[in-house]
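Descriptive analysis of the structure
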Amino acid sequence: MSELTKTIKVPLWELKEIADTLRMVANAFDSPKRESCLDRNVMRSWNHVIDLINGKESSLHENIDYYMKVGQTPNINESQSNYE
C-alpha cells in the first residue's frame, strides 16, 4: 500500500476541530476571494474536511471549484449547522 492510498481513522470531533480552525483562518485572511495560493489551499482543505464530515467524496469538478471558485464556501449538513 502506498502512502497516498493509506486510510486512517480520525474521530469526528477532531475533524470538526480541524474544520473550525480552517474556517477561522479563512475568515481571518478573507480566503474565499482566493487571491493567493494560501487562500486557495485553505479553502480546498476546508472543503475536503467538510466533505469528510458530511460522509461524501468530492468530484473532480468540486475539487476545481474548491481551489478556484471565488466566493465558494463549504456546505455543512443541517445537523452540523454551527460550522457554517
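Each remark here, short or long, concerns the structure printed above.
Model, not experiment: these values are computed from the prediction.

With respect to the overall build of the protein chain
- Helix and strand counts for the protein chain come out as three helices and zero strands.
- Going from the N terminus to the C terminus, the protein chain shows its helices and strands as α-α-α.
- For 84 residues, the compact-globule estimate of 2.2 N^0.38 gives 12 Å, and the protein chain sits close to it at 13 Å.
- Considering only C-alpha atoms, the protein chain reaches an extent of 35 × 30 × 20 Å along its principal axes.
- The buried share of the protein chain, taken over its 84 residues, is 30%.
- Pairs at least 24 apart in sequence give 58% of the contacts found in the protein chain among residues at least 6 apart.
- Element-wise, carbon and sulfur atoms account for 55% of the exposed surface of the protein chain, whose accessible area totals about 5,900 Å².
- Charge separation in the protein chain, taken as the distance between the mean sites of 10 positive and 13 negative side-chain charges, equals 2 Å.

Some words on unusual backbone geometry
- The phi dihedral of D30 is positive, around 55 degrees, even though this residue is not glycine.
- Inspection of the secondary structure puts D30 in the loop between helix 1 (12-29) and helix 2 (37-54).
- We classify D30 as partly exposed; its relative accessible area is 38%.

Here's the deal with the nonpolar core
- Ranked by size, the top nonpolar core spans 11 residues in total: L15, A19, L22, A26, V42, M43, W46, V49, I50, I53 and I76.
- For this core, the secondary-structure elements that each account for two or more residues are helix 1 and helix 2.
- If we skip the residues at most four places from it in the chain, L22 touches V42, S45, W46 and V49.

So, the side chain of N47
- By the element assignment, N47 lies in helix 2.
- On the basis of relative accessible area, N47 is assigned to the buried category, the value being 2%.
- Setting aside chain neighbours within four positions, we find N47 in contact with R34, Y66, Q72, T73 and P74.

Side note on a nonpolar patch on the surface
- Taken together, the side chains of L60, I64 and M68 make up a nonpolar region of the molecular surface, amounting to roughly 340 Å² of accessible area.
- Topologically, M68 is positioned in helix 3 (residues 60-68).

Thoughts on the packing of helix 1 against helix 2
- Orientation of helix 1 relative to helix 2, taken along the N-to-C sense of each, is 150 degrees, at an axis distance of 9 Å. Between helix 1 and helix 2, the crossing angle belongs to the class labelled roughly antiparallel. For helix 1 against helix 2, the interelement crossing comes out left-handed. Contacts between helix 1 and helix 2 involve L12, L15, K16, I18, A19, L22, R23, V25, A26 and F29 on the former and, on the latter, D39, V42, M43, S45, W46, V49, I50, L52 and I53.
- Considered class by class, the residues forming the contact of helix 1 with helix 2 number 15 nonpolar, one polar and three charged.

Rules behind the numbers
- Residues numbered from 1 in each chain as written.
- Predicted model: local features only at pLDDT ≥ 70, side-chain atom pairs only at ≥ 80, totals over all residues.
- Heavy atoms only, no water.
- Helix = DSSP H or I, 4+ residues; strand = E, 2+ residues; numbered from the N terminus.
- Rg over C-alpha atoms; globule rule 2.2 N^0.38 Å.
- Buried < 20%, exposed > 50% of the residue type's maximum accessible area, 1.4 Å probe, protein only.
- Contact = heavy atoms within 4.5 Å.
- Areas by Shrake-Rupley, 256 points an atom, 1.4 Å probe, with all protein chains shown as cover.
- Lys, Arg positive; Asp, Glu negative; His and termini not counted.
- Charge placed at Lys NZ, Arg CZ, Asp CG, Glu CD.
- Core = buried A, V, L, I, M, F, W, Y, C linked by side-chain atoms within 4.5 Å.
- Patch = residues over 30% accessible without salt bridge, like charges linked within 9 Å, V, L, I, M, F, W, Y side chains within 5 Å.
- Salt bridge = Lys/Arg side-chain N within 4 Å of Asp/Glu carboxyl O.
- Axes fitted to C-alpha atoms, helices over the stretch in contact; angles between N-to-C directions.
- Parallel < 35°, antiparallel > 145°, perpendicular 65-115°, else oblique.
- Left-handed = near helix turned anticlockwise from the far one by under 90°.
- Nonpolar A, V, L, I, M, F, W, Y, C, P; charged D, E, K, R; others polar.

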